[in-house]
Amino acid sequence: MTDLLDLLRRDAPRFRRIAVLTGAGMSAESGIPTFRGTGGFWRDYDPQWLFSPEALAEEPVLIWTFYDELRTRIATAAPNAGHVALAALAAHREVRIATQNIDGLHGRAGSTGVHELHGTLWTLRCPECGAVLRPDVVFYSEALPADAWHAAATAMTACDLVLVVGTSGVVYPAAALPALAVRSGAVVAEINPDATALTPQMHAVLRASAAEALPEIAALLAGP
Ligand code: OAD
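Here the structure is a predicted model, which is why all the values come from computation and not from measurement.

## Some thoughts on the site of the ligand
Phase 1: Taken together, 25 residues lie near the ligand, and G23, G25, Q100, G166 and S168 sit nearest.
Phase 2: Residues of the shell around the ligand, tallied by class, amount to ten nonpolar, twelve polar and three charged.

## Topic: the packing of helix α5 (residues 81-89) against helix α9 (residues 210-221)
The description of two packed helices rests on the angle between their axes and on the distance between the axes.
Phase 1: Orientation of α5 relative to α9, taken along the N-to-C sense of each, is 20°, at an axis distance of 7 Å. As summarised for this structure, α5 and α9 are arranged roughly parallel, according to the angle between their axes. Between α5 and α9 the crossing geometry is left-handed. Along the contact surface, α5 presents A81, G82, A85, L86, A88 and L89, while α9 presents A210, A211, L214, P215, A218 and L221.
Phase 2: A breakdown of the residues in the contact of α5 with α9 according to their chemical character gives eleven nonpolar, one polar and no charged.

## Here we look at the nonpolar core
As a rule of thumb, nonpolar side chains are buried together in soluble globular proteins.
Phase 1: Judged by nonpolar contacts, the single largest core of 52 residues is most densely connected at I18, V162 and A189.
Phase 2: Excluding residues that lie within four positions of it along the chain, A189 makes contacts with L4, L161, V162, L163, V164, M202, H203, A204, V205 and L206.
Phase 3: Within the second largest apolar cluster, five residues are counted, among which are L50, L56, I63 and F66.

## Observations concerning the environment of V114
Phase 1: Within the secondary structure, V114 is located in strand β4 (residues 114-116).
Phase 2: For V114, a count of 24 C-beta atoms within 10 Å translates into the label buried.
Phase 3: Linking V114 and V20, residues 94 residues apart in sequence, is a C-alpha distance of 9.5 Å.
Phase 4: Excluding its chain neighbours within four sequence positions, the residues that come into contact with V114 are I97, T99, H106 and G107.

## Observations concerning the pairing of strand β7 (residues 161-165)
Phase 1: Of all five residues making up β7, five are buried, and the element is well covered by its neighbours.
Phase 2: Neither face of β7 is open: one carries L161, L163 and V165, the other V162 and V164, and all of them are buried.
Phase 3: Bridging between strand β2 (residues 17-22) and β7 involves five bridges; their strand directions are parallel. Considered in β7, the bridge of L21 is made with V164.
Phase 4: In this sheet, strand β8 (residues 187-191) lies alongside β7 in parallel orientation, the contact comprising five bridges. Bridge pairing in β8 places L163 opposite A189.
Phase 5: With helix α8 (residues 177-183) bridging β7 and its parallel neighbour β8, the resulting β-α-β unit is right-handed.

Each value, and the rule that gives it
- Residues numbered from 1 in each chain as written.
- Predicted model: local features only at pLDDT ≥ 70, side-chain atom pairs only at ≥ 80, totals over all residues.
- Near = placed C-beta within 6 Å.
- Nonpolar A, V, L, I, M, F, W, Y, C, P; charged D, E, K, R; others polar.
- Axes fitted to C-alpha atoms, helices over the stretch in contact; angles between N-to-C directions.
- Helix = DSSP H or I, 4+ residues; strand = E, 2+ residues; numbered from the N terminus.
- Parallel < 35°, antiparallel > 145°, perpendicular 65-115°, else oblique.
- Left-handed = near helix turned anticlockwise from the far one by under 90°.
- Contact = placed C-beta atoms within 7 Å.
- Core = buried A, V, L, I, M, F, W, Y, C linked by C-beta atoms within 7 Å.
- Buried ≥ 20, exposed ≤ 12 C-beta atoms within 10 Å, placed from the backbone.
- Pairing = 2+ DSSP bridges.
- Right-handed = clockwise from strand over helix to strand, strands pointing away.

Next comes the structure, spelled out in structure tokens:
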């Protein structure tokens, strides 16, 4: 497997259009827990249950307490060096970000053109008359917002390089995006301390954390 830094030292000038797929690992160094990491996401509840329509209907007070605590935790967190590096790279390359994260940290770091595949914690919606108000996030088994999905798929099929950062690659359809890019002729690379379900599809990897790796990657890509 090619080392991503070696590839960029050699070939960075040919990568003009960069698509990025991020997951929970992108925000780990901002202090936000990943879904499948060790330590329990929230008071040992299963994240799959916390983000389900059933939980909201059955335990609205508990689930709203969870959203409130998560919002407070994120509001008091800051984008990390990885978020900042991706935002700064946009001055040098076309950068489109498709994120599974609902924390809004890419936007707070200054990135524009962020496609939030699983919605956002920062707006609310009323599902139907009489139902409990809920955040604008995608619960398990729900469809993705069509606009974000189409924009993300378009970005993946019209780029030279995909950076897959901090996702275990097990939740579909988001996990199908790198394969779309491969079929369109892009180079796909994984930035993750560990191997994932997507590793076999990768042309290059960098086994490092997002906040360590992305500043160096962005510096190599920002050249002429
Ligand atoms: P996961 O928790 O499944 O995976 C996090 C990934 O980040 C793992 O592969 C870790 O190895 C990696 N990781 C941990 N720390 C890292 C760091 N500092 N830098 C880089 N990588 C790091 O999270 P997701 O793949 O994002 O969906 O999960 C996908 C979806 O599953 C979520 O969006 C959510 C969840 O169910 C919904 O809520 C609909």
